Amino acid sequence: MSDPNDPNAGGYYPPAEGGAFNPPPAAPGGGYPPPPPQPPGGGYTPPPPPPGGGYTPPPTTPPGGGYPPAPGGGYPAPPQPGGGYTPPPPPPGVAPGYQPYQPGMTPGSGRADFGQALSWAGKKFGEYAPVLLGLSAVVAAVQLLTGLLAANLAQSTVEVDQFGRGVSVSGGSLIGFFGVTILGSLLAAVLTIGVYRAALHATQGRAPSFGDLTSTENLVPYIVTALLTAILTGIGLVLCIIPGLIVAFLLLFGPIRSLATGDGVGDAMSWSKTAVMANVGPALLLVLFTIITGLISGLLRGTVGAIIAAVVGLVILPFTCLLSAHLYRSMAGEQIAA
């Protein structure tokens with residue numbers, strides 16, 4: 001134990017004479033202890049390796065920086081459902097019934113050309129004449145049979161006396177006349193939907209077939225849209241003739257829109273109004289064409305007239321359907337088979 005009275009206790013040494021500092025006493029043997037020996041070759045001594053083996057270097061960075069590529073090079077494309085390539089969605093503003101471009105199809109612009117539609121309808125009628133005439137013949141046969149039956153019922157409805165005056169009306173015949181007329185018109189209208197469907201298929205390069213008459217694809221939307229269009233037109237005609245004509249004109253392509261895409265009443269009517277307002281000229285020409293052909297058939301009366309009207313309808317019906325289908329596809333901006 002050190003002497004507490006020793007002034008040098010605790011490692012303190014008074015300064016030497018002249019203010020110089022006295023170093024601590026040297027270690028036994030003289031001088032300071034040497035530093036630890038350096039490793040061969042000098043430099044920094046690395047830390048010891050971790051237990052279980054040497055040090056694993058980090059993965060090398062590819063030239064230019066960034067993350068290393070996935071195994072096999074590049075990043076794999078996301079899987080497509082069901083395999084194969086998924087085509088891009090249709091351009092904005094194009095109808096859901098848009099058809100991708102195929103060789104032999106002319107691009108649609110959203111603007112209809114009546115002359116071009118008329119030429120195309122004549123070409124396609126000649127190309128698919130046997131099937132189109134067959135489809136139209138079914139409709140014409142229904143119209144012919146119901147027309148003949150209604151004509152006979154109309155003749156037997158009123159009884160005349162020996163002076164040629166009508167003296168009584170047969171209630172049963174009158175009901176039968178109206179019943180046959182309404183039933184025949186509804187059946188012919190439903191079959192006509194099949195002809196319109198065949199015409200729409202022709203615009204896509206698909207050959208019409210007799211299966212188009214019995215297909216129920218988008219049948220309900222078409223019937224609902226057509227009925228509501230007829231009701232609104234009738235109301236407009238009763239209240240004032242001009243509003244009814246305007247309604248019928250603006251909703252001209254509503255039913256065929258529902259048949260082509262399955263759109264509901266509201267969407268189909270809204271689309272038709274927009275399309276017709278952008279194509280007033282072609283739509284008006286289609287109306288005039290329909291009126292003229294309808295007058296030709298309507299002016300033919302009696303048994304002979306019914307037969308002639310049915311024959312004329314064999315050509316007029318499919319041709320009008322083709323004409324309407326081309327105008328619709330053009331207004332929708334869709335591709336049309338040449």
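Residues numbered from 1 in each chain as written. Predicted model: local features only at pLDDT ≥ 70, side-chain atom pairs only at ≥ 80, totals over all residues. Heavy atoms only, no water.

### Some details on the overall build of the protein chain
At step 1: A tally of helices and strands in the protein chain yields 10 helices and 4 strands.
At step 2: In sequence order, the protein chain lays out its α and β elements as β-α-α-β-β-α-α-α-α-α-α-α-α-β.
At step 3: Sequence separation of at least 24 residues holds for 74% of the intrachain contacts in the protein chain that already meet a minimum separation of 6.
At step 4: Taken as a whole, the protein chain presents about 21000 Å² of accessible surface, with 70% of it coming from carbon and sulfur. (Helix = DSSP H or I, 4+ residues; strand = E, 2+ residues; numbered from the N terminus. Contact = heavy atoms within 4.5 Å. Areas by Shrake-Rupley, 256 points an atom, 1.4 Å probe, with all protein chains shown as cover.)

### Some details on the confidence of the model for the protein chain
At step 1: Residue-level pLDDT values for the protein chain average 76, and 61% of them are 70 or greater.
At step 2: In this model residues 80-85 is a low-confidence stretch, pLDDT under 50, and it forms 1 contact with partners more than four residues away in sequence or in other chains. (pLDDT = per-residue confidence, 0-100.)

### Focus: the pattern of salt bridges
At step 1: Counted by the stated rule, this structure contains 3 salt bridges.
At step 2: The closest approach of N and O atoms between Arg-329 and Glu-334, which form a salt bridge, is 2.6 Å. Side by side, Arg-329 and Glu-334 carry an identical accessibility label, which is buried. (Salt bridge = Lys/Arg side-chain N within 4 Å of Asp/Glu carboxyl O. Buried < 20%, exposed > 50% of the residue type's maximum accessible area, 1.4 Å probe, protein only.)

### Points about the nonpolar core
One broad trend across soluble globular proteins is that nonpolar side chains are buried collectively.
At step 1: By size, the foremost hydrophobic cluster in this structure holds 43 residues, and its most contacted members are Val-195, Phe-253, Trp-271, Leu-322, Leu-323, Leu-327 and Tyr-328.
At step 2: Put simply, the parts of the chain that give this core at least two residues each are α1 (114-127), α2 (129-155), α3 (171-203), α5 (219-239), α7 (254-261), α8 (265-278), α9 (280-298) and α10 (302-331).
At step 3: Ignoring anything within four residues of it in the chain, the contact list for Phe-253 reads Trp-271, Ser-272, Val-276, Ala-283, Leu-286, Ser-324, Leu-327, Tyr-328 and Met-331. (Core = buried A, V, L, I, M, F, W, Y, C linked by side-chain atoms within 4.5 Å.)

### Side note on unusual backbone geometry
At step 1: At Asn-218, a position not held by glycine, the phi torsion is positive, near 55°.
At step 2: Structurally, the position occupied by Asn-218 is in the loop between α4 (211-214) and α5.

### Concerning the layout of surface pockets
At step 1: Roughly 1300 Å³ of volume is contained in the largest pocket.
At step 2: Taken together, 40 residues form the lining of the largest pocket, with Thr-192, Tyr-196, Tyr-222, Thr-290 and Thr-320 sitting closest to its centre.
At step 3: When contributions to the lining of the largest pocket are tallied by element, the ones reaching two or more residues are α2, α3, α5, α6 (241-250), α7, α9 and α10. (1 Å grid on protein atoms, 1.4 Å probe; cavity = no way out; pocket = protein on both sides within 12 Å on 5 of 7 lines; lining within 4 Å. Points joined across faces, edges and corners; volume = space filled by probe spheres on them.)

### Thoughts on the packing of aromatic side chains
At step 1: Going through the model one piece at a time under the given rule, you end up with 2 aromatic pairs.
At step 2: Ring plane angle 40° and centroid distance 6.0 Å describe the contact between Phe-289 and Phe-319, whose orientation is recorded as tilted. With Phe-289 in helix α9 and Phe-319 in helix α10, the pair connects residues that are 30 residues apart, well separated along the chain.
At step 3: Accessibility expressed as a relative area gives 16% for Phe-319, which makes it buried. (Phe/Tyr/Trp six-rings, centres within 6.5 Å; stacked < 30°, edge-to-face > 60°.)

### Considering the environment of Ile-307
At step 1: Examined against the element boundaries, Ile-307 turns out to sit in helix α10.
At step 2: Sequence separation between Ile-307 and Leu-145 is 162 residues, and the spatial gap between their C-alpha atoms is 9.6 Å.

### Comments concerning the environment of Ser-215
At step 1: Along the chain, Ser-215 turns up in the loop between α4 and α5.
At step 2: Ser-215 sits in the partly exposed class, given a relative accessible area of 22%.
At step 3: C-alpha separation for the pair Ser-215 and Ile-193, spaced 22 residues apart in sequence, amounts to 9.4 Å.

### What about the environment of Phe-178?
At step 1: In this fold, Phe-178 is placed in helix α3.
At step 2: Judged by relative accessible area, Phe-178 falls into the partly exposed class, the value being 46%.
At step 3: Remark: the alpha-carbon pair of Phe-178 and Ala-150, spanning 28 residues in sequence, is separated by 7.7 Å.

### Thoughts on the packing of α5 against α7
At step 1: Axis separation between α5 and α7 bottoms out at 8 Å; the angle between their running directions is 170°. On the basis of the axis angle, α5 is roughly antiparallel to α7. Listed contacts from α7 to Pro-221, Tyr-222, Thr-225, Ala-226 and Thr-229 of α5 are Gly-254, Pro-255, Ile-256, Ser-258 and Leu-259.
At step 2: Split into classes, the residues belonging to the contact of α5 with α7 amount to 6 nonpolar, 4 polar and no charged. (Axes fitted to C-alpha atoms, helices over the stretch in contact; angles between N-to-C directions. Parallel < 35°, antiparallel > 145°, perpendicular 65-115°, else oblique. Nonpolar A, V, L, I, M, F, W, Y, C, P; charged D, E, K, R; others polar.)

### Considering the side chain of Ser-324
At step 1: Counting through the fold element by element, Ser-324 comes out in helix α10.
At step 2: The exposure class of Ser-324 is buried, given its relative accessible area of 7%.
At step 3: Among residues more than four places away in sequence, those in contact with Ser-324 are Tyr-196, Phe-253, Ile-256 and Leu-286.

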